[in-house]
Each structure stands twice: as C-alpha cells, then as structure tokens.
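Descriptive structure summary
One-letter residues, chain by chain:
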2 protein chains.
Amino acid sequence: MKNKIKIGIVGFGNLGKGAVEAINATDDLELVAVFTRRNPEDLQINQPNVKALHVDDAADYQDQIDVMLLCGGSATDLPEQTPKFAQLFNTVDSYDNHGEIPEFYQAVDQVARKSKTTAIISVGWDPGLFSTNRVIADAILPNGENYTFWGKGLSQGHSDAVRRVNGVKNGVQYTIPSEDAIEKVRSGSNPSLETAEKHNRICYVVAEEGADQATIEHDIKMMPNYFADYNTEVHFITEEELARDHSKAPHGGFVIRGGQTGANNKQIYEFSLKLDSNPEFTASVLVAYARAAYRLNQDQQYGAKTVFDVAPSYLSPRSSHDLRRNFL
Amino acid sequence: MKNKIKIGIVGFGNLGKGAVEAINATDDLELVAVFTRRNPEDLQINQPNVKALHVDDAADYQDQIDVMLLCGGSATDLPEQTPKFAQLFNTVDSYDNHGEIPEFYQAVDQVARKSKTTAIISVGWDPGLFSTNRVIADAILPNGENYTFWGKGLSQGHSDAVRRVNGVKNGVQYTIPSEDAIEKVRSGSNPSLETAEKHNRICYVVAEEGADQATIEHDIKMMPNYFADYNTEVHFITEEELARDHSKAPHGGFVIRGGQTGANNKQIYEFSLKLDSNPEFTASVLVAYARAAYRLNQDQQYGAKTVFDVAPSYLSPRSSHDLRRNFL
C-alpha cells in the first residue's frame, strides 16, 4: 500500500474541525496530530489515532508530519504562525487579509526558501478558487471585466456590528448578491457597479425586552460603512427562531467575467459556489492544497506559493493517466 | 520593450481565424505567420506583418516561431499534425476526441520529449476549462458527483444529421441543457441522469418545396442515437430566417459538482460558459495556453502536457507580483 501523506493541524476552531472531516474523506492523507494553544486534553477530536498536543510541542513532530495545516485567524495568528511553522514544515494557510498579502508572501517566502519548505498561502475560496478564476478569465478574455459577488452568506463582521447596536440582544447578517446586478453582468453589458449596488444586506435581530424596534431598525440602517450605502432589510425574530434557522454558516458567491472577442461577440465566464458550511468547504480546499504542498516540495519547489502557482493535477489524488482518461 | 512571444498558426478555418483575433487582443504575443494547405495567396488575413505560407514551408520558420497553434480538426488533421510539428515547435492543439486522448498523448509525448519541445494537447473548454473544473471539484469534494451539461449550443454533428433527412433543404440543431435536470443537480440531490435526460434538442428546418412537414418531423424525432432518446422539438422556418437568426455558432455549458462535507452539509461547485462564438472563445483559450507552452519550455518542462499540468500563473500576461496584489 502507498504511504499516506501525513498531516498536522494547528488550531481547532471551525476551520480546524472542518479539516479533520476533510482529511477523513480522503484515501491518501492521514491526520497525525492537532496542535492547540489550549489544554490539549480539552480537545474532542474523537479519532483514536490522532494526537491532541500543545502547539509548543510541534517542533518535535518535524519528522512525522509532511504538511501542517495552519487553521488560525488572519488578524493575529497567521502573520506570526506561518513564518514560524514554515521553518520546520510544509504549510498551507488561509490568510485572507487581501491588502497585506504581498508583504505576508515576502515574509513567508524568505523563511521557506531558506528552510527548503513549501508554504502555500491564502488558500480557500476567496482568496483561493475565486482568485484563480479571476486570473484565468482575465488571461483568456483580455477585453472584458471581472465581477465578484459574495453571498448568500453569513458575514461575521456585519453580524458583530448588528449585535453592537443598542437594544439588540442577538442577531445575524446575511450578505445577498443583487439578482439585478448579476443579471446585468451575465448579459455581457459590463456595467459599472459599486460594491453596494452588487449586494443587499438582510439582518435577523432579537431585540431586548422593551427595546424599540423602529429605533433599532433605524440605527442599523444608518450605520456608516456597514449598512448606510446598502439596501438593508431588518427582520425581528425570537431567540428560538435564531437558534433554529440561523445557526449554520452558509456562504458562497460568483466570479463572472464578461468579455468580447472578434467582432463584438459576447463571452460569459462564470464560477460560483453555494455552500451550506463555509468552514467545512474552506477546510476541504486547504486539504486538497496540502496534497499539492507535499508534491511541490518533493519536486524541490521551495518557498511561498499561492493558488496561482499550483497546477490542477497537484490537487488530485488520482494519477495523471486516470485524469487524462476519465476527466479530460 | 519586452520581446513578444512569436506565434504561428496552422490552419485557417474558424478556429484559426479566431486565433488571429485572440492574438491581436494581447500585448505580449505576436503573430508571425499562418500556414495553410491551400494556396497561401487565397488567405485573407488582413494583417500587414503576418505572412501567409504553405504548410510545407513551416520547417523553415523553426527559429522565428516560439509556439505553433495547431487549428486543424481532431478527426484527421491533429493525429498527423501534432506529432509532426512537435518535432520542431512548441505546440498547442484542441484535440477533442475524448476516447483517444491517452493514445494521442503517448504519441505526442514521445516526440516532444525527444525534441525538447512542449506540446499542450486538448486545449479549449471541453476538453479544457471544463476538464480542469471536473478535476478540481473532485479533488476538493471527494464525496460527491460531477455533472457536465452542454449548451445552449449549435451542434455540428446533429445539424448534419438533420440535413440528411429526406425533404430537408437546410437546417440547424441546438443542444439545450434541461433546466429541470440542472435545478436537480444544483439542489445537491446528486440524481442519476442519462445524457438524454440532461439535454433537449431543438431543430430549425427549411423544408424543400412540396415536402411533407409531418413526415420530416417524424423522421427527425425517430432517428436513433441522434434524436430518438431525446425530447426533440422541430420548427419549420424559411431560408431567410435561417440565415438571419441562426448563422452564429453559440455554445456553452455547465460543470456542476454536488458534494457533501461533515455531517451532510451540501456544497455546490459550478462553472459555466455562455458563448456567442464557440470558435473565437476556444481560440482565446488556445492563445492563453500558448503563453504557458512557451514558459513551460523555458522552464525545461518538455513533453506532452494537458491543462491539468498548467498552473494558472502560466496563462496570464501579468507578473506574479501583480497577480498576488490585484487578483488574489
């Protein structure tokens, strides 16, 4: 039997838990250990062969782990963790602070080249699959325009903003791509669209007892940056309804390019995702790129990489011959 | 100024003509010559700096052309041309005889390795972009099912079949993906679907004078393989309507994967194209992969390659830094 690629996970939040499931769904990857900053005994991994360990002990596992999945957050965890772990391991992370990616790349690349490791950064769906589609569509249809729509999806940042409003006990916010805007883009007319014209916002709010709903609705809708520029709906529901109907983390979106070729022929390129569970899907993408990180490292492709540097065959557990025969 | 990548085209049908347009739309590629089996003086290329030459003279241009786009047909042209041209040039072709791809790959690979050229085979959208999406979706969501739908599109083979029916003067056939089937797949229910359940067929027919329309309709709908298993519509139109409404070559389709992660969360991955001009879009894909063929060859990646072997960054005229900053 072929040796499996040995995986470690750093961080056991929703993304780390999704990664455990995603590794279990493969035949060629094997989870060795989950590393945490918490007390490892508190982790409920429920996998008899998987160790729960403190993150400070990770260095001892350098010879037993082929690729480390870094499942921390982009704000503070990954800027510190990726350069540190890339000294010892091949890594895959989901760094999604778009504006800071070039600097993050440089920092990781320097370490990984020196350590002869392969670190694939900013993996997931945006950044990730959406990014590769923006690049491919732009390369194929140079005369055209890229459009990215997000949703329908639960937005953590906007939900937090709703919950900070006076009189709000609990609540969630969904970002909804505007059907009108999508249809305009799909028609190939390449309209000018601000982010606020491409997306609507729907809030489900549990009000505190005695709070005035009209005031809450007004305060949400007038909130600058978050809601004021958008078509925003506010619905009041009970705590029970919130728990029953809004406890999943769905997300998704669309990348559409409208291009022209020849004598004004319209060509519409579209990629979309509709996800019941954003963290589980993101983790599944990370796991496929873990396969790629291992193989790129075997090919001595050291340094920081992005999804743009990874050929599709590196992601697949199947042989090149199988892919040519059955998928081409 | 950076040197441009120098391109040659073999074959001047719809695909070759589309390639001329697609090269013109780039800033980093330059068309040197079009090679034909016909009398070169009969070609109307309308580009002052582009030579029209006989295909037998191609060998003289080995030093002046970086990548040769092979724009012939899959039935007889490419099986002969790709192995021949891969001895002298990096090549890109659109070989689309799915069942024969493994053998074609072997034949081309042997020649290209020996000649230290890079030959990217079976480029376009299916095989091509659809294939990469089938592979990526399968790699990310191992628990799931791939579905490919074609259309709305003009099918050359089925149009030919319509025109062979007694009493038919002229006609075209469109393959239409079944909306019902697409919705079932998008729901994540992963239904079992035969090709005939996924597609409907619509024929626009010009009848010969005095021919019986009911007989024609019956003969089309009963035709085995082509129509008998399908939901088929036949519409009679005039020669003028045919010329006015049905002279373009639109096509497109969908690749959808419905997958499950974790505790039965549904994840829907979808890629689609809606094309006014199938040959112009296919040519645009070939041209982006010509850029990749040149770069792979510079990297000493010799031999036959497919879309599965090409990282997205190789397709783009933009720098890796630009891609990371503006597209990731």
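What counts, and where the lines are drawn
Residues numbered from 1 in each chain as written. Chains lettered and ligands numbered in written order. Predicted model: local features only at pLDDT ≥ 70, side-chain atom pairs only at ≥ 80, totals over all residues. Heavy atoms only, no water. Helix = DSSP H or I, 4+ residues; strand = E, 2+ residues; numbered from the N terminus. Rg over C-alpha atoms; globule rule 2.2 N^0.38 Å. Buried < 20%, exposed > 50% of the residue type's maximum accessible area, 1.4 Å probe, protein only. Contact = heavy atoms within 4.5 Å. UniProt positions renumbered as here; feature names shortened; annotations may be inferred. Axes fitted to C-alpha atoms, helices over the stretch in contact; angles between N-to-C directions. Parallel < 35°, antiparallel > 145°, perpendicular 65-115°, else oblique. Left-handed = near helix turned anticlockwise from the far one by under 90°. Least-squares fit on C-alpha atoms with pLDDT ≥ 70 in both. Salt bridge = Lys/Arg side-chain N within 4 Å of Asp/Glu carboxyl O. Expected span 1.5 Å × (residues − 1). Buried area = accessible area lost by both parts, 1.4 Å probe. Polar contact = N/O pair within 3.5 Å; in protein donor to acceptor, adjacent residues only side chain to side chain. Phe/Tyr/Trp six-rings, centres within 6.5 Å; stacked < 30°, edge-to-face > 60°. Lys NZ or Arg CZ within 6 Å of the ring centre and 35° of its normal.

1. Focus on the overall build of chain A
Check the secondary structure of chain A and you find 11 helices and 14 strands. Its C-alpha atoms give chain A a radius of gyration of 22 Å, within 12% of the compact-globule value 20 Å for 328 residues. When the backbone C-alpha atoms are referred to their principal axes, chain A occupies close to 60 × 60 × 35 Å. Expressed as a percentage of the 328 residues in chain A, the buried residues total 56%. Counting only contacts in chain A whose residues sit at least 6 apart along the sequence, the fraction spanning at least 24 positions is 67%.

2. Overview of the UniProt feature "domain: Meso-diaminopimelate D-dehydrogenase C-terminal" (unreviewed entry) in chain A
Residues annotated in UniProt with the feature "domain: Meso-diaminopimelate D-dehydrogenase C-terminal" (unreviewed entry) correspond here to residues 124-277 of chain A. Secondary structure over residues 124-277 of chain A splits into 31% helix and 36% strand, and the C-alpha atoms at its two ends are 13 Å apart.

3. Overview of the packing of helix α2 (residues 77-85) of chain A against helix α3 (residues 101-115) of chain A
All names here are of chain A. The interhelical angle for the contact between α2 and α3, taken along N-to-C directions, is 20°, at an axis separation of 8 Å. What the angle tells us is that α2 and α3 run roughly parallel. Between α2 and α3 lies a crossing of right-handed hand. Facing α2, whose interface residues are L78, P79, T82 and P83, α3 presents F104, V108 and V111.

4. A closer look at the relation of the copies chain B and chain A
When chain B is fitted onto chain A, the two copies agree to an RMSD of 0.0 Å after a turn of 180° and an axial shift of 0.0 Å. Look at the turn and shift together and you get a two-fold axis relating the two. Taking the C-alpha atom as reference, chain B places A311 of chain B closest to the rotation axis, 1.9 Å from it. The residues that chain B uses at the interface reappear at the interface of chain A in 100% of cases, marking a shared surface.

5. Quick notes on the pattern of salt bridges
Under the defined criterion, the tally for this structure stands at 30 salt bridges over all chains. Of the charged contacts in the structure, one is a salt bridge between D138 of chain A and R318 of chain B, with a shortest N-O distance of 2.7 Å. Highlighted residues: D138 of chain A in helix α4 (residues 129-140) and R318 of chain B in the loop between β14 (303-305) and α11 (320-326), drawn from two different chains. On the basis of relative accessibility, which here comes to 7%, the residue D138 of chain A falls in the buried class. Residue classification places R318 of chain B among the partly exposed residues on the basis of a relative accessible area of 33%. Residue D322 of chain B is joined to R318 of chain B by a salt bridge in which the shortest nitrogen-to-oxygen separation is 3.7 Å. Through salt bridges with shared partners, a single network forms among D138 and R257 of chain A together with R318 and D322 of chain B.

6. What to know about helix α4 (residues 129-140) of chain B
Residue and element names in this part refer to chain B. With 12 residues, α4 should reach 16 Å at 1.5 Å per residue; the first-to-last C-alpha distance of 17 Å fits that figure. With respect to burial, α4 is a largely interior element, 12 of its 12 residues being buried. Every buried residue belonging to α4 is among L129, F130, S131, T132, N133, R134, V135, I136, A137, D138, A139 and I140, and all of these are buried.

7. Notes on the interface of chain B and chain A
With 66 residues of chain B in contact, the opposing surface of chain A contributes 66 residues. Buried area between chain B and chain A, both sides added, is near 5,600 Å², and the carbon and sulfur share of it is 59%. For the pair chain B and chain A, the interface holds 32 residue pairs in polar contact (both at pLDDT 80 or more). Those elements giving two or more residues to the side of chain B that touches chain A turn out to be α3 (101-115), α4, β13 (265-275), α10 (278-298) and α11 of chain B. Sorting elements by how many residues they give to the side of chain B that touches chain A places β13 of chain B first, with 11 residues.

8. Comments concerning the environment of R163 of chain A
Residue and element names in this part refer to chain A. The residue R163 is located in helix α5 (residues 156-163) in this model. As for R163 and V205, which are separated by 42 residues in sequence, their C-alpha atoms are 8.2 Å apart. Beyond its immediate stretch of four places on either side in the chain, R163 contacts Q156, V168, N170, G171 and V172. A distance of 2.6 Å separates the side chain of R163 from the side chain of D160, its partner in a polar contact.

9. Thoughts on helix α1 (residues 14-24) of chain B
Of the residues making up α1 of chain B, those classed as buried are L15, G16, G18, A19, V20, A22 and I23 of chain B. Check the buried side of α1 of chain B and you find it contacts β1 (5-10), β2 (29-36), β4 (67-70) and α10 of chain B.

10. Considerations on the packing of aromatic side chains
Overall, the coordinates contain 14 aromatic pairs over all chains when judged by the stated rule. Measuring from centroid to centroid gives 6.2 Å for F85 of chain A and F89 of chain A, while their planes differ by 35°, and the two rings are tilted. Looking at F89 of chain A, the relative accessible area reads 1%, which means it is buried. Between the aromatic rings of F130 of chain B and F271 of chain B, the centroid separation amounts to 5.9 Å while the plane-to-plane angle is 85°, which identifies the pairing as edge-to-face. Taken together, the residues span a long stretch of sequence, with F130 of chain B in helix α4 and F271 of chain B in strand β13 at a distance of 141 residues. Three or more aromatic residues link up through ring pairs in this structure, and these residues are W125, F130 and F271 of chain A together with Y269 of chain B. Here K198 of chain A stacks its cationic end above the ring of F149 of chain A, 5.4 Å away from the centre of that ring. Positioned above the aromatic ring of Y174 of chain B, the side-chain terminus of K152 of chain B is 4.9 Å from the ring centre.

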